[in-house]
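Examining the three-dimensional arrangement
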Amino acid sequence: MHERHTEGRPVSTAPVRRIAYLSGTRADFGLMRETLQRIHADPALALSVVATGTHLSTAHGHTVDEIRAAGLTVAAEIPVDVLTRTPASMSQAIATCLQRMGTWLEAERPDLLLLLGDRGEMLAGALVALNQGVPTAHLHGGERSGTVDEPVRHAISKLCSHHLVATEASRERLIRMGEAPERIHVVGAPGLDGLTALAEGTRADALQALGLPAGQAFVLVVFHPVVQQAAQARAQTLALLDAVQRLALPVLWLEPNADAGATGVLQALDEQPLPPGSRRIAHLARPLFSQAMRHAAVMLGNSSSGIIEAASFGTPVVNVGDRQRLRERNANTADVPVDADAIATALQQALDHGPHPAYNCYGDGQSAARIVRLLRELPLSPDVLEKCNAY
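Numbers given for residues are sequential positions, taken from 1 along each chain in its written order. Local features in a predicted model are, by the rule used here, given only for residues with pLDDT of at least 70; side-chain atom pairs are given and counted only at 80 or more, and totals for whole chains, interfaces and linings are based on all residues. Values reported for side chains reflect all heavy atoms of the structure, with hydrogen atoms and water molecules removed beforehand.

1. Let's talk about the sheet that holds strand β9 (residues 184-186)
Here, any two strands with at least 2 DSSP bridges between them count as paired. Comment: elements are numbered from the N terminus, with helices defined as DSSP H or I runs of at least four residues and strands as E runs of at least two. With parallel pairing, the seven strands of this open sheet are ordered in space as β5-β4-β3-β6-β7-β8-β9. The strands lining the two open edges of the sheet, one partner per strand, are β5 (74-78) and β9. Strand-to-strand, the axes of this sheet are offset by a mean angle of 20°, without reference to chain direction. Sheet topology places strand β3 (residues 17-23) next to strand β4 (residues 45-52); seven bridges connect them, and they run parallel. Directly across from Arg18, in β4, lies its bridge partner Ala46. Contacts between residues were defined by any pair of non-hydrogen atoms, one from each residue, lying within 4.5 Å. Geometry is summarised by axes, namely lines fitted to C-alpha atoms with helices restricted to the contacting stretch, and by angles between N-to-C directions that run from 0 to 180 degrees. The strands touched by helix α4 (residues 120-131) within the sheet are β3, β4, β6 (112-116) and β7 (136-139), with β6 carrying the most contacts at an inclination of about 155°. Along the sheet face, helix α6 (residues 168-176) touches β8 (162-165) and β9 and points at about 170° away from the line of β9.

Shown next, in the form of structure tokens:
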């Protein structure tokens, strides 16, 4: 730990905790932006961000620029292959991240590494930190989702020192996994902090900014490949395209992440046109994405944003396939298989129902304050690295 100095004089005699956050995508940074800014502003904490993954890809918007634009320090950039989009390239990217994070941690020795979710770069960070004696705190542990994301998430949890979970059910699940109850803290989903404020403004202004036809209902689509079903990604995307064509509403389609199978999603989008008035975009800044969630007549796909965030606006969500099949649900979500007829029927039912009450089981939008308080107080002595099952 280190004291923070101003003009050569310490502003406080209390030690400053050096917090590092590893970020690999526009998605995790968007969820954490407000929390990271609160950490940065706290005099007891000093934040640095390590950027990897699609943040450094021009094809994905080079979103490391958004981290810096938020006033945060990017302490290191770790380039990995995000364009090959095969299972092997995903493994190789994890290996690259692991190696280079090991070098960075050895040089910088932060007091704590903060990780979110279930992606490979977070797994790499958790493993390196444990090997090198750096305590960790894991956000969004204990959740079920299905597919490859779930075992990766649980593996990260087992490697991490502390858990900052979104729901009580997640806490109970981690306890059943053998994690010590005193290390698990329910803070809510950080992505809900400031979400409704980001989406403020008129619908007309949002449609204009999104490049969508004025005065028309539209469908927001975020569909990512399922890694174990990478070979089916093209056919699955064609099923979604068939369904939205039947609905004949403009579509705002956000291109997928860089996981295996993403090439199949993009291939299908190249093959089949979207309905008139639609837009397909590679990257959408979080304020505009929040406005799109708020004003969409229905959200379609398999993104966690549909499961966790859209409920804060009451937006109806049609969740397709296996990627999020086991997550806790809000009342606005309907689940369907990857079948064009089923998807089309669910979309029409969602349109007929209209918006739901804006209730969200994932939290109250006040997570950042809880997280900052815990980062100031969590024990970071060497014994927090000595984990064993509680049973």
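That covers the picture; the talk isn't over yet.
2. Some remarks on the sheet that holds strand β14 (residues 317-320)
On the basis of which strands lie adjacent, the open sheet formed by six strands has the order β12-β11-β10-β13-β14-β15 and parallel pairing. Strands with a single pairing partner mark the edges of an open sheet, and in this sheet they are β12 (279-281) and β15 (333-336). On average, adjacent strands in this sheet sit at an angle of 20° to one another, irrespective of strand direction. In this sheet, strand β13 (residues 298-301) lies alongside strand β10 (residues 219-222) in parallel orientation, the contact comprising four bridges.

3. Points about the environment of Ala51
Tracing the backbone through its elements, the reader meets Ala51 in strand β4. Working definition: with a 1.4 Å probe on protein chains only, accessible area under 20% of the residue-type maximum means buried, over 50% means exposed, and in between means partly exposed. With relative accessibility at 0%, the residue Ala51 sits in the buried group. Sequence separation of Ala51 and Thr315 is 264 residues, and the distance between their C-alpha atoms is 31 Å. Contact partners of Ala51, with chain neighbours within four places excluded, come to Ser23, Leu56, Val64, Ile67, Val74, Ala76, Glu77 and Ile78.

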